[in-house]
Amino acid sequence: MKISILGAGAWGTALAVQAAARHEVVLWARDAAAVQEMAATRRNARYLPDAALPPNLAVSADLDATIAHGREGLIVVATPMAALRTTLARLPDGASVLWLCKGFEAGTGLLGHEIAREVQPRLRAGILSGPSFAQEVAAGQPTALVAASEDEALTQAAVAAFHSERLRVYTSLDPIGVEVGGAVKNVMAIAVGASDGLRAGLNARAALITRGLAEMLRLGLSLGARTETFMGLSGMGDLVLTATGDLSRNRRVGLLLAEGKPLPQILAELGHVAEGVYSAPTVLARARARGVEMPITEAVVAVLDGRLSAANAVDLLMGREAKAESQAPPA
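Only a predicted model underlies this, so the values are computations on that prediction, with no experimental measurement involved.

**Some words on the overall build of the protein chain**
Okay, so step 1: Looking only at helices and strands, the protein chain features 15 helices and 10 strands.
Okay, so step 2: The C-alpha atoms of the protein chain give 20 Å as radius of gyration, which agrees with the globular expectation for 331 residues (20 Å, within 12%).
Okay, so step 3: By its C-alpha atoms, the protein chain is 60 × 45 × 35 Å across when sized along the principal axes.
Okay, so step 4: For the protein chain, long-range pairs separated by at least 24 residues make up 67% of all intrachain contacts whose partners lie at least 6 apart in sequence.
Okay, so step 5: As displayed, the protein chain has an accessible area near 14,600 Å², and 53% of this comes from carbon and sulfur atoms.
Okay, so step 6: In the protein chain, 31 positive and 32 negative side-chain charges are present, and the distance between their average locations comes to 1 Å.

**Considerations on the UniProt feature "active site" (unreviewed entry) in the protein chain**
Okay, so step 1: Per the UniProt record, "active site" (unreviewed entry) is found at Lys185.
Okay, so step 2: Residue placement: Lys185 occurs in helix α8 (residues 175–197).
Okay, so step 3: Not counting the four nearest positions on each side in its chain, Lys185 is found in contact with Lys102, Met216, Asp238, Leu239 and Thr242.

**Section: unusual backbone geometry**
Peptide bonds are mostly trans, and most non-glycine residues show a negative phi.
Okay, so step 1: Non-glycine residue Arg42 carries a positive phi angle of around 55°.
Okay, so step 2: When you line up the elements, Arg42 lands in the loop between α2 (32–41) and β3 (43–44).
Okay, so step 3: Phi at Arg199 takes a positive value of approximately 60°, unusual for a residue other than glycine.
Okay, so step 4: Its location among the elements puts Arg199 in the loop between α8 and α9 (202–222).

**A look at the sheet that holds strand β10 (residues 167–172)**
Okay, so step 1: A sheet is described by the order of its strands in space; here 8 strands give the open sequence β5-β2-β1-β6-β7-β8-β9-β10, paired in mixed fashion. Edge positions in the sheet fall to β5 (58–60) and β10, since each has one partner strand and no second. Ignoring which end each strand starts from, the neighbouring axes of this sheet average 25° apart.
Okay, so step 2: In this sheet, strand β7 (residues 96–99) lies alongside strand β6 (residues 74–77) in parallel orientation, the contact comprising 3 bridges. Each bridged residue has a counterpart across the sheet, and for Ile75 the counterpart in β7 is Val97.

**Points about the environment of Ala191**
Okay, so step 1: Checked against the element boundaries, Ala191 lands in helix α8.
Okay, so step 2: Note on Ala191: relative accessible area 12%, which makes it buried.
Okay, so step 3: Separated by 119 residues in sequence, Ala191 and Ala310 have C-alpha atoms that sit 8.5 Å apart.

Conventions used here
Residues numbered from 1 in each chain as written. Predicted model: local features only at pLDDT ≥ 70, side-chain atom pairs only at ≥ 80, totals over all residues. Heavy atoms only, no water. Helix = DSSP H or I, 4+ residues; strand = E, 2+ residues; numbered from the N terminus. Rg over C-alpha atoms; globule rule 2.2 N^0.38 Å. Contact = heavy atoms within 4.5 Å. Areas by Shrake-Rupley, 256 points an atom, 1.4 Å probe, with all protein chains shown as cover. Lys, Arg positive; Asp, Glu negative; His and termini not counted. Charge placed at Lys NZ, Arg CZ, Asp CG, Glu CD. UniProt positions renumbered as here; feature names shortened; annotations may be inferred. Pairing = 2+ DSSP bridges. Axes fitted to C-alpha atoms, helices over the stretch in contact; angles between N-to-C directions. Buried < 20%, exposed > 50% of the residue type's maximum accessible area, 1.4 Å probe, protein only.

Put into C-alpha coordinates, the structure is as follows:
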(Lines give C-alpha, C1' and ligand atoms only; values in the text may rest on other atoms or scores of the structure.)
Protein backbone atom coordinates (compact mmCIF):
# COMPACT_ATOMS: atom_id res chain seq x y z
CA MET A 1 0.00 0.00 0.00
CA LYS A 2 1.12 3.57 -0.66
CA ILE A 3 0.88 5.53 2.59
CA SER A 4 1.51 9.24 3.11
CA ILE A 5 1.99 10.52 6.66
CA LEU A 6 1.60 14.29 6.99
CA GLY A 7 3.50 15.44 10.05
CA ALA A 8 6.84 14.22 11.36
CA GLY A 9 6.25 14.63 15.06
CA ALA A 10 6.82 11.69 17.39
CA TRP A 11 3.56 9.88 16.60
CA GLY A 12 3.67 10.37 12.84
CA THR A 13 7.28 9.23 12.77
CA ALA A 14 6.55 6.16 14.91
CA LEU A 15 3.76 5.01 12.59
CA ALA A 16 5.94 5.62 9.56
CA VAL A 17 8.72 3.49 11.07
CA GLN A 18 6.31 0.62 11.70
CA ALA A 19 4.50 0.78 8.36
CA ALA A 20 7.65 1.09 6.23
CA ALA A 21 8.49 -2.54 6.84
CA ARG A 22 5.57 -3.62 4.61
CA HIS A 23 4.43 -0.59 2.61
CA GLU A 24 5.66 2.33 0.48
CA VAL A 25 5.65 5.16 3.01
CA VAL A 26 6.44 8.85 2.60
CA LEU A 27 6.78 10.98 5.75
CA TRP A 28 6.22 14.72 5.25
CA ALA A 29 7.64 17.48 7.44
CA ARG A 30 7.10 21.22 7.03
CA ASP A 31 10.74 22.13 7.79
CA ALA A 32 12.95 21.44 4.76
CA ALA A 33 16.12 21.62 6.87
CA ALA A 34 14.73 19.00 9.25
CA VAL A 35 13.88 16.78 6.29
CA GLN A 36 17.44 17.03 4.98
CA GLU A 37 18.79 16.12 8.42
CA MET A 38 16.45 13.13 8.74
CA ALA A 39 17.42 11.90 5.29
CA ALA A 40 21.11 12.18 6.11
CA THR A 41 21.12 10.79 9.67
CA ARG A 42 18.09 8.47 9.39
CA ARG A 43 16.87 9.86 12.71
CA ASN A 44 14.21 12.34 13.80
CA ALA A 45 16.46 14.02 16.32
CA ARG A 46 13.88 16.46 17.64
CA TYR A 47 10.86 14.25 18.19
CA LEU A 48 11.98 10.60 18.24
CA PRO A 49 15.77 10.46 18.51
CA ASP A 50 16.03 6.83 19.62
CA ALA A 51 14.24 5.36 16.59
CA ALA A 52 16.18 4.58 13.41
CA LEU A 53 14.33 5.42 10.20
CA PRO A 54 14.15 2.36 7.92
CA PRO A 55 16.23 2.68 4.73
CA ASN A 56 13.12 2.49 2.52
CA LEU A 57 11.19 5.22 4.41
CA ALA A 58 11.10 8.34 2.24
CA VAL A 59 11.04 11.78 3.86
CA SER A 60 9.86 14.88 2.04
CA ALA A 61 9.15 18.59 2.49
CA ASP A 62 6.93 18.64 -0.62
CA LEU A 63 3.36 18.49 0.66
CA ASP A 64 1.65 18.21 -2.72
CA ALA A 65 3.91 15.37 -3.84
CA THR A 66 3.41 13.55 -0.55
CA ILE A 67 -0.38 13.86 -0.82
CA ALA A 68 -0.23 12.60 -4.40
CA HIS A 69 1.74 9.54 -3.25
CA GLY A 70 -1.07 8.44 -0.92
CA ARG A 71 -3.97 9.54 -3.12
CA GLU A 72 -4.92 5.99 -4.15
CA GLY A 73 -3.77 4.42 -0.88
CA LEU A 74 -3.97 5.99 2.58
CA ILE A 75 -3.19 9.47 3.89
CA VAL A 76 -2.53 9.90 7.62
CA VAL A 77 -2.70 13.38 9.15
CA ALA A 78 -0.27 13.50 12.08
CA THR A 79 -0.46 17.23 12.82
CA PRO A 80 -1.76 18.83 16.03
CA MET A 81 -5.51 19.47 16.14
CA ALA A 82 -4.93 23.15 15.35
CA ALA A 83 -3.68 22.22 11.86
CA LEU A 84 -6.25 19.53 11.03
CA ARG A 85 -8.68 21.86 9.22
CA THR A 86 -6.08 23.40 6.88
CA THR A 87 -4.51 20.01 6.18
CA LEU A 88 -7.81 18.32 5.32
CA ALA A 89 -8.65 21.21 3.01
CA ARG A 90 -5.56 20.36 0.92
CA LEU A 91 -6.64 16.77 0.26
CA PRO A 92 -8.35 15.69 -2.97
CA ASP A 93 -11.98 14.60 -3.08
CA GLY A 94 -12.49 10.94 -2.29
CA ALA A 95 -9.10 10.40 -0.64
CA SER A 96 -8.89 7.93 2.26
CA VAL A 97 -7.64 9.75 5.34
CA LEU A 98 -7.10 9.00 9.02
CA TRP A 99 -6.02 11.58 11.59
CA LEU A 100 -4.10 10.97 14.80
CA CYS A 101 -4.75 14.22 16.68
CA LYS A 102 -7.03 14.18 19.71
CA GLY A 103 -9.14 17.08 20.90
CA PHE A 104 -11.78 19.65 20.05
CA GLU A 105 -10.91 22.47 17.67
CA ALA A 106 -10.33 25.75 19.50
CA GLY A 107 -12.90 28.38 18.62
CA THR A 108 -15.41 26.07 16.93
CA GLY A 109 -15.47 23.25 19.48
CA LEU A 110 -15.65 20.72 16.66
CA LEU A 111 -14.29 17.19 16.68
CA GLY A 112 -12.21 15.89 13.79
CA HIS A 113 -15.07 14.14 12.01
CA GLU A 114 -17.15 17.33 12.24
CA ILE A 115 -14.29 19.37 10.75
CA ALA A 116 -13.93 16.87 7.91
CA ARG A 117 -17.64 16.99 7.19
CA GLU A 118 -17.48 20.78 7.04
CA VAL A 119 -14.38 21.30 4.89
CA GLN A 120 -14.16 18.10 2.80
CA PRO A 121 -17.44 16.15 2.92
CA ARG A 122 -16.39 13.77 0.13
CA LEU A 123 -13.35 12.43 1.98
CA ARG A 124 -13.36 8.84 3.24
CA ALA A 125 -12.44 9.92 6.75
CA GLY A 126 -11.75 8.46 10.18
CA ILE A 127 -9.49 8.48 13.22
CA LEU A 128 -6.72 6.20 14.47
CA SER A 129 -6.56 6.37 18.26
CA GLY A 130 -5.99 4.40 21.43
CA PRO A 131 -3.54 4.01 24.33
CA SER A 132 -0.15 4.52 22.74
CA PHE A 133 3.11 6.31 23.40
CA ALA A 134 5.07 6.98 20.23
CA GLN A 135 8.38 5.82 21.68
CA GLU A 136 6.97 2.37 22.45
CA VAL A 137 5.31 2.02 19.04
CA ALA A 138 8.56 2.94 17.27
CA ALA A 139 10.45 0.43 19.41
CA GLY A 140 8.04 -2.34 18.44
CA GLN A 141 6.60 -2.80 21.91
CA PRO A 142 3.11 -4.38 22.00
CA THR A 143 0.38 -1.81 21.37
CA ALA A 144 -3.33 -1.89 20.48
CA LEU A 145 -5.13 0.88 18.58
CA VAL A 146 -8.61 1.43 17.19
CA ALA A 147 -9.48 2.76 13.74
CA ALA A 148 -12.91 4.41 13.77
CA SER A 149 -15.08 5.57 10.90
CA GLU A 150 -18.61 5.20 9.61
CA ASP A 151 -16.88 3.88 6.46
CA GLU A 152 -16.15 0.25 7.31
CA ALA A 153 -13.91 -0.18 4.25
CA LEU A 154 -11.66 2.61 5.57
CA THR A 155 -11.25 0.90 8.93
CA GLN A 156 -10.24 -2.28 7.12
CA ALA A 157 -7.69 -0.27 5.12
CA ALA A 158 -6.24 0.93 8.43
CA VAL A 159 -5.91 -2.69 9.56
CA ALA A 160 -4.14 -3.56 6.30
CA ALA A 161 -1.81 -0.59 6.72
CA PHE A 162 -0.77 -0.91 10.35
CA HIS A 163 -1.81 -4.23 11.91
CA SER A 164 1.26 -6.37 12.63
CA GLU A 165 2.70 -8.81 15.15
CA ARG A 166 3.40 -6.01 17.65
CA LEU A 167 0.69 -3.51 16.71
CA ARG A 168 -2.93 -4.65 16.86
CA VAL A 169 -5.55 -2.51 15.12
CA TYR A 170 -9.17 -2.98 16.11
CA THR A 171 -12.05 -1.35 14.23
CA SER A 172 -15.02 0.75 15.33
CA LEU A 173 -18.01 2.33 13.62
CA ASP A 174 -18.26 4.96 16.40
CA PRO A 175 -15.92 7.84 15.49
CA ILE A 176 -17.80 10.17 17.86
CA GLY A 177 -17.04 8.02 20.90
CA VAL A 178 -13.44 7.42 19.89
CA GLU A 179 -12.85 11.14 19.36
CA VAL A 180 -14.54 12.20 22.60
CA GLY A 181 -12.44 9.66 24.50
CA GLY A 182 -9.25 10.90 22.89
CA ALA A 183 -10.07 14.52 23.69
CA VAL A 184 -11.33 14.26 27.26
CA LYS A 185 -8.65 11.84 28.51
CA ASN A 186 -6.01 14.54 28.02
CA VAL A 187 -7.90 16.88 30.35
CA MET A 188 -8.29 14.14 32.94
CA ALA A 189 -4.57 13.35 32.73
CA ILE A 190 -3.81 16.92 33.80
CA ALA A 191 -6.09 16.46 36.82
CA VAL A 192 -4.51 13.14 37.81
CA GLY A 193 -1.02 14.55 37.33
CA ALA A 194 -1.84 17.46 39.62
CA SER A 195 -3.28 15.11 42.25
CA ASP A 196 -0.21 12.87 42.09
CA GLY A 197 2.06 15.91 42.25
CA LEU A 198 0.31 16.96 45.45
CA ARG A 199 0.79 13.42 46.82
CA ALA A 200 -2.95 13.11 47.34
CA GLY A 201 -2.59 9.34 47.17
CA LEU A 202 -3.60 6.36 45.08
CA ASN A 203 -7.18 6.50 46.33
CA ALA A 204 -7.51 10.00 44.91
CA ARG A 205 -5.95 8.85 41.64
CA ALA A 206 -8.46 6.01 41.30
CA ALA A 207 -11.34 8.35 42.09
CA LEU A 208 -10.27 10.91 39.50
CA ILE A 209 -9.81 8.30 36.77
CA THR A 210 -13.19 6.70 37.51
CA ARG A 211 -15.12 9.94 37.77
CA GLY A 212 -13.22 11.28 34.78
CA LEU A 213 -14.49 8.32 32.77
CA ALA A 214 -18.02 9.21 33.92
CA GLU A 215 -17.58 12.77 32.61
CA MET A 216 -16.24 11.42 29.31
CA LEU A 217 -19.20 9.08 28.98
CA ARG A 218 -21.81 11.78 29.74
CA LEU A 219 -20.39 14.12 27.13
CA GLY A 220 -19.99 11.36 24.56
CA LEU A 221 -23.56 10.11 24.93
CA SER A 222 -24.88 13.65 24.58
CA LEU A 223 -23.09 13.90 21.22
CA GLY A 224 -24.37 10.55 19.92
CA ALA A 225 -21.59 8.14 20.93
CA ARG A 226 -22.06 4.54 22.03
CA THR A 227 -21.60 3.52 25.67
CA GLU A 228 -19.41 0.50 24.89
CA THR A 229 -16.81 2.65 23.15
CA PHE A 230 -15.80 4.21 26.47
CA MET A 231 -15.12 0.80 27.98
CA GLY A 232 -12.59 0.11 25.22
CA LEU A 233 -9.20 1.21 23.98
CA SER A 234 -10.02 4.83 23.19
CA GLY A 235 -11.98 5.31 26.43
CA MET A 236 -10.77 3.59 29.56
CA GLY A 237 -7.59 2.32 27.90
CA ASP A 238 -6.34 5.69 26.71
CA LEU A 239 -7.47 7.40 29.92
CA VAL A 240 -5.51 5.04 32.17
CA LEU A 241 -2.37 5.27 30.04
CA THR A 242 -2.36 9.05 29.70
CA ALA A 243 -3.27 9.69 33.33
CA THR A 244 -0.66 7.36 34.83
CA GLY A 245 2.13 6.90 32.27
CA ASP A 246 5.38 8.75 32.85
CA LEU A 247 5.69 9.50 29.12
CA SER A 248 2.41 11.46 29.14
CA ARG A 249 2.86 15.17 28.42
CA ASN A 250 -0.58 16.02 29.82
CA ARG A 251 0.17 14.21 33.07
CA ARG A 252 3.47 16.12 33.19
CA VAL A 253 1.58 19.41 32.94
CA GLY A 254 -0.45 18.44 36.00
CA LEU A 255 2.65 17.42 37.95
CA LEU A 256 4.31 20.77 37.24
CA LEU A 257 1.14 22.72 38.06
CA ALA A 258 1.18 21.01 41.46
CA GLU A 259 4.68 22.42 41.97
CA GLY A 260 3.27 25.89 41.46
CA LYS A 261 4.99 26.56 38.15
CA PRO A 262 3.24 29.02 35.81
CA LEU A 263 1.67 27.51 32.70
CA PRO A 264 3.82 29.41 30.14
CA GLN A 265 6.97 28.07 31.81
CA ILE A 266 5.57 24.54 31.84
CA LEU A 267 4.76 24.63 28.13
CA ALA A 268 8.21 26.02 27.32
CA GLU A 269 9.86 23.21 29.29
CA LEU A 270 7.78 20.52 27.56
CA GLY A 271 8.82 21.51 24.06
CA HIS A 272 5.95 19.41 22.64
CA VAL A 273 2.21 19.96 22.35
CA ALA A 274 0.10 18.93 25.36
CA GLU A 275 -3.34 18.87 23.75
CA GLY A 276 -5.21 18.86 27.05
CA VAL A 277 -4.10 22.42 27.78
CA TYR A 278 -5.69 23.69 24.59
CA SER A 279 -8.74 21.44 24.50
CA ALA A 280 -9.84 21.78 28.15
CA PRO A 281 -11.70 25.10 27.71
CA THR A 282 -13.32 23.82 24.52
CA VAL A 283 -14.37 20.55 26.17
CA LEU A 284 -15.99 22.58 28.95
CA ALA A 285 -17.74 24.93 26.52
CA ARG A 286 -19.11 22.02 24.51
CA ALA A 287 -20.30 20.33 27.71
CA ARG A 288 -22.07 23.44 28.95
CA ALA A 289 -23.77 23.87 25.58
CA ARG A 290 -25.13 20.32 25.92
CA GLY A 291 -26.09 20.73 29.58
CA VAL A 292 -23.51 18.14 30.66
CA GLU A 293 -21.97 18.39 34.13
CA MET A 294 -18.15 18.01 34.11
CA PRO A 295 -16.75 19.17 37.49
CA ILE A 296 -13.25 17.76 37.01
CA THR A 297 -12.97 19.52 33.67
CA GLU A 298 -14.20 22.75 35.26
CA ALA A 299 -11.53 22.47 37.94
CA VAL A 300 -8.77 21.82 35.37
CA VAL A 301 -9.82 24.89 33.36
CA ALA A 302 -9.80 27.03 36.50
CA VAL A 303 -6.26 25.86 37.35
CA LEU A 304 -5.02 26.45 33.79
CA ASP A 305 -6.57 29.94 33.85
CA GLY A 306 -4.85 30.74 37.15
CA ARG A 307 -8.15 31.12 39.04
CA LEU A 308 -7.43 28.16 41.32
CA SER A 309 -4.29 26.49 42.61
CA ALA A 310 -3.98 22.75 42.08
CA ALA A 311 -4.42 22.18 45.84
CA ASN A 312 -7.56 24.32 45.98
CA ALA A 313 -8.99 22.47 42.98
CA VAL A 314 -8.60 19.11 44.75
CA ASP A 315 -10.25 20.54 47.87
CA LEU A 316 -13.10 21.92 45.77
CA LEU A 317 -13.76 18.56 44.11
CA MET A 318 -13.66 16.68 47.42
CA GLY A 319 -16.06 19.20 48.99
CA ARG A 320 -18.82 18.64 46.45
CA GLU A 321 -22.21 17.49 47.71
CA ALA A 322 -22.64 13.73 47.98
CA LYS A 323 -24.83 12.11 45.31
CA ALA A 324 -25.65 8.80 43.69
CA GLU A 325 -22.77 7.39 41.60
CA SER A 326 -25.05 6.68 38.62
CA GLN A 327 -28.55 7.57 37.57
CA ALA A 328 -31.28 4.95 37.33
CA PRO A 329 -32.17 4.01 33.75
CA PRO A 330 -35.43 5.46 32.42
CA ALA A 331 -38.51 3.33 33.00
